[in-house]
Amino acid sequence: MEWRTRWHITIRWDRAENSPAGVSVVERVVDTPADLGRLVNAARADPHVVAFPYRPVRELVGDEPQRCRAGHRYAGGSATRPVRDWWPCGCGGHLAIRCRCGDVRVEPAIGDGCDTPRRA
């Protein structure tokens, strides 16, 4: 698992009739700064666009581990289900999964730039 940044942009037109989509508000999510730049440039060039605020959003992507390092599956009933926790961090945070055997998986791994305490 790893963090990625995407951008959410909301484009508002003065009237729905002036929008290519036929609505006064369109929300889009883009994956690259270049895609965001194209949307911003198009919004600036349209005289009917009244606002186009955008914001970066960090998302944790990738497959969660299915087993602990000892081989125990994370699926199952309450007796075998691991404890899941969230560790806040300046990097965005870490998913911590504690198996019934005591093994703790932290995703994404704690790196040099992380400020979360090493609890595992």
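This one's a predicted model, so the numbers in the text were calculated from it and none came from an experiment.

1. Focus on the nonpolar core
Point 1. Membership of the largest hydrophobic core is limited to 11 residues, which are W7, I9, I11, W13, V26, V30, L36, L39, V40, A43 and V49.
Point 2. Listing elements by their share of this core, those giving two or more residues are β1 (2-13), β2 (25-30) and α1 (33-45).
Point 3. Beyond its immediate chain neighbours, meaning those up to four positions away, I11 contacts S24, V25, V26, V49, A51 and F52.
Point 4. If you look at the next biggest cluster of nonpolar residues, it comprises five residues, including C68, Y74, L95 and I97.

2. As for the sheet that holds strand β6 (residues 94-98)
Point 1. One open sheet accounts for three strands, arranged β5-β6-β7; its pairing is antiparallel. Each having just a single partner strand, β5 (83-87) and β7 (104-107) make up the two edges of the open sheet. In this sheet, neighbouring strand axes are inclined to one another by 20° on average, regardless of whether the strands run parallel or antiparallel.
Point 2. Where β6 lies against β7, four bridges are found, and the strand directions are antiparallel. Residue R98 lies in a different strand from β7, and its bridge partner there is V104.

3. Some points on the packing of aromatic side chains
Point 1. Tallying each qualifying case throughout the model produces one aromatic pair.
Point 2. Relative to W86, the ring of W3 lies with its centre 6.1 Å away and its plane at 85°, an arrangement referred to as edge-to-face. Placement of W3 in strand β1 and of W86 in strand β5 is noted, with a sequence separation of 83 residues between them.

4. Quick notes on the confidence of the model for the protein chain
Point 1. Per-residue pLDDT for the protein chain has a mean of 89; in total, 96% of the residues score no lower than 70.
Point 2. Of all the helices and strands in the protein chain, β5 carries the lowest mean pLDDT, 88, while strand β3 (residues 49-51) carries the highest, 98.

5. Re α1
Since there are 3.6 residues in each turn of an α-helix, residues three or four apart along the chain are aligned in direction.
Point 1. With 13 residues, α1 ought to run about 18 Å at 1.5 Å a step, and its terminal C-alpha atoms sit 18 Å apart, in line with that.
Point 2. For α1, the full list of buried residues reads L36, L39, V40 and A43. An end-on view of α1 places all buried positions within 100° of arc, on one side of the element. Opposite the packed face of α1, turned more than 90 degrees from it, sit the exposed residues R38 and A45.

6. Quick word on the side chain of D103
Point 1. Within the secondary structure layout, D103 lies in the loop between β6 and β7.
Point 2. In this structure the side chain of D103 is engaged in a polar contact, spanning 3.0 Å, whose partner is the side chain of R69.
Point 3. Leaving out residues up to four positions away in the same chain, D103 has contacts with C68, R69, Y74, I97 and R98.

So, how was this worked out
- Residues numbered from 1 in each chain as written.
- Predicted model: local features only at pLDDT ≥ 70, side-chain atom pairs only at ≥ 80, totals over all residues.
- Heavy atoms only, no water.
- Core = buried A, V, L, I, M, F, W, Y, C linked by side-chain atoms within 4.5 Å.
- Buried < 20%, exposed > 50% of the residue type's maximum accessible area, 1.4 Å probe, protein only.
- Helix = DSSP H or I, 4+ residues; strand = E, 2+ residues; numbered from the N terminus.
- Contact = heavy atoms within 4.5 Å.
- Pairing = 2+ DSSP bridges.
- Axes fitted to C-alpha atoms, helices over the stretch in contact; angles between N-to-C directions.
- Phe/Tyr/Trp six-rings, centres within 6.5 Å; stacked < 30°, edge-to-face > 60°.
- pLDDT = per-residue confidence, 0-100.
- Expected span 1.5 Å × (residues − 1).
- Arc of directions from axis to C-beta.
- Polar contact = N/O pair within 3.5 Å; in protein donor to acceptor, adjacent residues only side chain to side chain.

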